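Structural features, examined
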Amino acid sequence: MVNEYRSRMNQLIKNNLLGIKELSLEEIELIFETADNFKDVINRPIKKVPSLREVTIANIFFENSTRTQLSFELAEKRLSADVVNFSSSISSVKKGETLLDTVNNILSMKVDMIVIRHSSPGAPHFLAKHVNSKIVNAGDGTHEHPTQALLDTYSIRERLGSIEGKKVVIVGDILHSRVALSNIFALQKLGAEVMVCGPATLLPKYISALGVKVELDIRKALNWCDAANILRIQLERQRRSYFPSLREYSLYYGVNKEMINALDKEIIILHPGPINRGVEITSSVADADNALILDQVENGVAIRMAVLYLLASKLE
Amino acid sequence: MQKRLLLDNQLLQITIQRLCQHLIENHNDFSSVVILGLQPRGVFLANRIQKVIQELEGCYVEVGYLDTTFHRDDFRRRGIPKKASETRVPFLIEGKDVILVDDVLFTGRSVRAAMDAMISFGRPKKVELLVLIDRLHTRQLPIEANYVGKQVNTLASQYVEVGLKEQNGDDSIWLMNIEAE
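The structure displayed is predicted, hence computed values, not measured ones. Per chain, residues are indexed from 1 in the order of the written sequence. The naming scheme follows written order: chains are lettered A onward, ligands numbered 1 onward. At least 70 in pLDDT is required for a residue's local features to be given in this predicted model, at least 80 for side-chain atom pairs to be given and counted, and no such filter applies to totals for whole chains, interfaces and linings, which use all residues.

Here we look at the overall build of chain A
This is how it is decided: Starting at the N terminus, helices and strands are each numbered in turn, a helix being any DSSP run of H or I of at least four residues and a strand any DSSP run of E of at least two. Three exposure classes are used, based on other C-beta atoms lying within 10 Å of a residue's own C-beta, which is placed from the backbone: buried for 20 or more, exposed for 12 or fewer, and partly exposed in between. Contact definition: two residues whose C-beta atoms, as placed from backbone geometry, lie within 7 Å.
Secondary structure summary: chain A contains 11 helices and nine strands in total. In terms of principal-axis extent, the alpha carbons of chain A reach across some 55 × 55 × 35 Å. Per-residue burial for chain A yields a buried fraction of 46% across its 316 residues. Within chain A, counting contacts between residues at least 6 apart in sequence, those at least 24 apart form 75% of the total.

See the structure below:
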């Protein structure tokens, strides 16, 4: 593996990570290759490298998160960056401050990079236009969640060897999911075939315009795919009823052991978390060997280290 | 482009043989010795040294690879960052005698970064440095090699090109002048 010929790029073209849509295939591959190195770092006895020791990063979360925020924070600390955390529930946002004012205040304190999660789609893009800092989108409303898609595809690539030509189905609440959209972009750029599956009310009307297959029958979808990415029902974003009850959703779309056993092949299962056991996925499926759920979490730190490292190298 | 041959194919072999003899002199028993090659070319040298020691002494010395990219002190100062290579240290270096191997010793900064990277794998008893080419009077840090293949006087405007067989070279080492354009 020493010195084999790898992708020609050494640096990202973009100055920010706003979405997968703006990334090129070469950039995604560069992030993966860098993540390979960081995955090695985080499995050492001393899990830390000094690369970003003069960089300060603010994690600004206007929306609740445990996994993503923790993962970013660990990634930052493993790169030796200084970290400040901010969540809107305890901030002056409640007192009426605008997003731009909040961020400019944080930047005045000499912060170099911003990791932002916001409930409004496009909030990171807006910031990128108005502030001179490196912005990483950690989820903007129902729009994109680029690091999640990168870690999902990275995990599939790790398990199946490559993404090209593989069939991946995304199951569940596609309508409210930023994970779904980012995954569709990432998978397509990497050469996978993508299908979405869920109740018709939870599929966006023109989703097929993205070049994805649409399937309403979960059994058919599972039979078609090599990997299934199962999403949570985002009740907090649903302003009206899209299905009669969670119980009914679970009855029709909950992935259980019996469905998996009925397949004539082995598929891998992903879930971006948090899992609602017994709703979209049963415990026997989530805890099986072919479920990558905990690999995804581990890879998340490596992917985020790679993204932060590559963006930090562009700081002036 | 002006260039001067520092080591040709045959001299390179002799030099590696000599360095290995020197190592054997200083380490009568290789049981607590490990070799760490610095990416990229130090790795090939480390592998060659491992082979020669095995031929001469019949003992197997473990070889690991160190990549210094994430430990460099010039991150964000040298424009486009270097791409990381594989670090592979599949053994403990705690209490061991470590021999760091690199092709060219120039400013000493790579070696400093390598020692930083190495510490992540434990606390060695002793660390030595082996280099093929030692560029004199160019050091920016107080670092010197214990085993030197060849010392050369160089200018800052020159660079040493190492063409090893493992990288499709012809096993020769040249001193090149960077031409003013």
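Side note on the confidence of the model for chain B
Let me state the cut-off plainly: The pLDDT value expresses, per residue, how confident the predictor is, ranging between 0 and 100.
Chain-level statistics for chain B give a pLDDT mean of 90 and a share of 97% at 70 or above. For this predicted complex, the interface score ipTM comes out at 0.74, alongside a pTM of 0.86.

Observations concerning the interface of chain A and chain B
Operational definition: Three categories are distinguished: nonpolar for Ala, Val, Leu, Ile, Met, Phe, Trp, Tyr, Cys and Pro, charged for Asp, Glu, Lys and Arg, and polar for the others, with Gly belonging to the last.
Each partner contributes to the interface: chain A provides 18 residues, whereas chain B provides 17 residues. In terms of residues, the side of chain A that touches chain B owes the most to one element, helix α1 (residues 25-41) of chain A, which gives four residues. Of the residues in the side of chain A that touches chain B, the class split is nine nonpolar, seven polar and two charged.

Things to note about the domain arrangement of chain A
All names here are of chain A. Under the convention used in this document: Domain start and stop points were drawn from an automatic or database domain assignment.
According to the domain assignment, chain A consists of domain 1 (25-144 + 297-312) and domain 2 (146-292). Just the C-alpha atoms count here: the centres of domain 1 and domain 2 sit 26 Å apart. The interface is formed by 19 residues belonging to domain 1 together with 17 residues belonging to domain 2. Elements with a contribution of two residues or more to the side of domain 1 that touches domain 2: α1, β4 (134-140) and α11 (293-312). Taken together, the residues of the side of domain 1 that touches domain 2 sort by class into eight nonpolar, seven polar and four charged.

Examining α1 of chain A
Residues and elements named next belong to chain A. Here is the rule we go by: Between the first and last residue of a helix there are one fewer steps than residues, each counted as 1.5 Å, and that sum is the expected span.
End to end, α1 covers 25 Å across 17 residues, agreeing with the expected 24 Å (1.5 Å per residue, within 8%). Residues of α1 that are buried: Glu27, Ile28, Leu30, Ile31, Phe32, Thr34, Ala35, Asn37, Phe38 and Val41. Buried residues belonging to α1 abut α2 (67-78), α5 (146-160), α6 (178-189) and α11.

Here's the deal with the packing of α1 of chain A against α5 of chain A
All names here are of chain A. Threshold: Between N-to-C directions, angles cover 0 to 180 degrees, with each direction set by a line fitted to C-alpha atoms, over the stretch in contact for helices. When an angle is under 35 degrees it counts as roughly parallel; over 145 it counts as roughly antiparallel; between 65 and 115 it counts as roughly perpendicular; any other value is oblique. By the definition used in this description, the sense in which the near helix is turned from the far one sets the handedness, with an anticlockwise turn below a right angle giving left-handed and a clockwise turn giving right-handed.
Two numbers describe how α1 lies on α5: the axes approach to 11 Å, and their chain directions differ by 70°. Considering the angle they form, α1 stands roughly perpendicular to α5. For α1 against α5, the interelement crossing comes out right-handed. Note on element contacts: α5 touches α1 through Leu150, Tyr154 and Arg157, opposite Ile28, Ile31, Phe32 and Ala35. Taken together, the residues that form the contact of α1 with α5 break down as six nonpolar, no polar and one charged.

Looking at the sheet that holds strand β3 (residues 62-66) of chain B
Residues and elements named next belong to chain B. Operational definition: A pair of strands is treated as paired once DSSP finds two or more bridges between them.
Judged by pairing direction, the sheet is parallel, and its five strands sit side by side in the order β3-β2-β4-β5-β6 without closing on themselves. The open sheet has two edge strands with one neighbour each: β3 and β6 (147-153). Between one strand and the next, the sheet's axes are offset by a mean angle of 25°, whatever the strand orientation. By the bridge criterion, five bridges tie strand β2 (residues 33-38) to β3 in an arrangement that is parallel. Within the sheet, the bridge partner assigned to Val34 lies in β3 and is Glu62. Across the face of the sheet, helix α3 (residues 109-119) comes into contact with β2, β3, β4 (97-105) and β5 (126-136) while running at roughly 150° to β4.

Quick notes on the pairing of strand β3 (residues 113-118) of chain A
On any regular strand, side chains alternate: one points to one face of the sheet, the next to the other face. Residues and elements named next belong to chain A. This is how the line gets drawn: We call a crossover right-handed when, viewed with both strands directed away from the observer, the connection leading from the first strand over the helix to the second proceeds clockwise.
The buried count for β3 comes to six of six residues, which makes it a mostly enclosed element. Neither face of β3 is open: one carries Met113, Val115 and Arg117, the other Ile114, Ile116 and His118, and all of them are buried. Pairing of strand β1 (residues 56-61) with β3 involves five bridges; the strand directions are parallel. Across the sheet, Ile60 pairs through a bridge with Ile116, a residue of β3. Handedness of the β3-helix α4 (residues 123-130)-β4 crossover: right-handed.

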